[in-house]
Amino acid sequence: MNYDLVLRVGTKLILPFILLFALYVQFHGDYGPGGGFQAGVITAAMVILLAVTCGLELAQRIAPWGLVQCMVPLGVLIYICTGVMGLLLGNNFLDYSPLAHDPVHGHELGIFLVEAGVLITVAGTMVALFYAFVERGR
Amino acid sequence: MLAVVTVAIVRQRSLFGVVILTSIYSFLMASVFIALDAMDVAMTEASVGAGVSTVLLLATLHLVKTTELRDVRVNLMPLFVSLGIGGLLVWGTLVLPPFGTPDAVIHKHVAPRYLSESIKETGVPNVVTSILADYRGFDTLGETTVIFTAGIGVMLLLRRSRRRKDDGDAEAPK
């Protein structure tokens, strides 16, 4: 299939900036608006944009089916493991206080891990949904 | 503007147009959230409602026909149901305190504690993040599980039927 040259070049130019923005939203979520959910959707949007403008093959070389499928349960596992870690260290489920030397740092770390889990699951699910629909249509 | 877009969605027969109008509706909704100072919700609405769901709906349209069939009968029941429920909801809002009142019940329960203590307790300046990921961590775990379940469900549905089609194609030439 032939794809429009302007769109292809334009997409490849803005692709790294989309990913950078997603990471900014993810890691700056502690200080400003944003967080794992939004960052995950932006990451997925990057892959979907690439698939729409440059073809599914290229997108699947960057984010192959297997990786995307692994990401969906992996995020939930990270989330649950963070919760269980608090449980094993002698507190309640999802209590992040014992994760670091003092409770405040523990909470920061816990929130960071949980947000990472949300990011992975959301990004994986969105891309997987898109792949499933597109492959069905072929 | 929201009302205009809604009427346009209902009147529109081409499903492609409906999808685009739904995307516009989501963007308008995101602007409403920004006006209400809910930046996190606005971001989610703009990225999920206007971005990804539009793409997914377009991908669905790729699989099915793009014009809606005209309904032969005029059915008044849904109109009455939606008007009735809408009326009940408006009636329910009449007893709520005016918008933005500082001494409303919802601002006196746990909100002040979250606002004053969350930086000290979690070290995270964005209160929305600390509530979502820490105080209400169990709810967010549930949300993540819902997304996970939905994704797995759609993947199973679409992939299995594709494999059946492949089997059919493989058997056809014999």
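Residues numbered from 1 in each chain as written. Chains lettered and ligands numbered in written order. Predicted model: local features only at pLDDT ≥ 70, side-chain atom pairs only at ≥ 80, totals over all residues.

1. Observations regarding the overall build of chain A
Reasoning step 1: Across its full length, chain A carries 5 helices and 0 strands.
Reasoning step 2: For chain A, the residues scored as buried account for 48% of the 138 residues in total.
Reasoning step 3: Look at the contacts in chain A between residues 6 or more apart in sequence, and 63% of them connect residues 24 or more apart. (Helix = DSSP H or I, 4+ residues; strand = E, 2+ residues; numbered from the N terminus. Buried ≥ 20, exposed ≤ 12 C-beta atoms within 10 Å, placed from the backbone. Contact = placed C-beta atoms within 7 Å.)

2. Here we look at the overall build of chain B
Reasoning step 1: For chain B, the count of helices and strands is 7 helices and 0 strands.
Reasoning step 2: The buried share of chain B, reckoned over its 174 residues, is 17%.
Reasoning step 3: Counting contacts in chain B only where the partners sit at least 6 residues apart, residues at least 24 apart contribute 35% of the total.

3. Re the confidence of the model for chain A
Reasoning step 1: Per-chain confidence: chain A averages 81 in pLDDT, with 94% of residues scoring 70 or above.
Reasoning step 2: Per-element confidence in chain A ranges from a low mean pLDDT of 81 for helix H3 (residues 56-62) of chain A to a high of 86 for helix H1 (residues 5-27) of chain A. (pLDDT = per-residue confidence, 0-100.)

4. Considerations on the packing of helix H1 (residues 2-11) of chain B against helix H2 (residues 15-35) of chain B
Residues and elements named next belong to chain B.
Reasoning step 1: Axis separation between H1 and H2 bottoms out at 9 Å; the angle between their running directions is 165°. Our classification of the angle between H1 and H2 gives roughly antiparallel. Regarding H1 and H2, the two cross each other, and that crossing is left-handed. In contact with Leu 2, Val 5, Ala 8 and Ile 9 of H1, H2 contributes Val 18, Leu 21, Thr 22, Ile 24, Tyr 25 and Leu 28.
Reasoning step 2: Here the residues of the contact of H1 with H2 are counted per class, giving 9 nonpolar, 1 polar and no charged. (Axes fitted to C-alpha atoms, helices over the stretch in contact; angles between N-to-C directions. Parallel < 35°, antiparallel > 145°, perpendicular 65-115°, else oblique. Left-handed = near helix turned anticlockwise from the far one by under 90°. Nonpolar A, V, L, I, M, F, W, Y, C, P; charged D, E, K, R; others polar.)

5. Digging into the interface of chain A and chain B
You'll often see interface size given as the accessible area lost when the parts meet.
Reasoning step 1: Contact residues are listed per partner, giving 45 residues for chain A and 40 residues for chain B.
Reasoning step 2: No other element matches the 23 residues that helix H5 (residues 103-137) of chain A contributes to the side of chain A that touches chain B.
Reasoning step 3: Of the residues that constitute the side of chain A that touches chain B, the class distribution is 26 nonpolar, 14 polar and 5 charged.

6. What to know about the environment of B:Val154
Reasoning step 1: Among the secondary structure elements, B:Val154 is positioned in helix H7 (residues 137-171).
Reasoning step 2: Measuring from C-alpha to C-alpha, the distance between B:Val154 and B:Gly84 comes to 34 Å, with 70 residues separating the pair along the chain.
Reasoning step 3: Ignoring any residue separated from it by four or fewer positions in sequence, one finds B:Val154 in contact with A:Leu129 and A:Ala132.

7. Thoughts on the packing of H1(A) against helix H2 (residues 36-54) of chain A
Residues and elements named next belong to chain A.
Reasoning step 1: Taken N-terminus to C-terminus, the directions of H1 and H2 make an angle of 170°; their axes are 9 Å apart at the nearest point. With respect to their mutual orientation, H1 and H2 come out roughly antiparallel. Taken together, the residues of H2 that come into contact with H1 (itself represented by Leu 7, Arg 8, Thr 11, Leu 15, Ile 18, Leu 19, Phe 21, Ala 22, Val 25 and Gln 26) are Gly 36, Gln 38, Ala 39, Ile 42, Thr 43, Ala 45, Met 46, Leu 49, Leu 50, Thr 53 and Cys 54.

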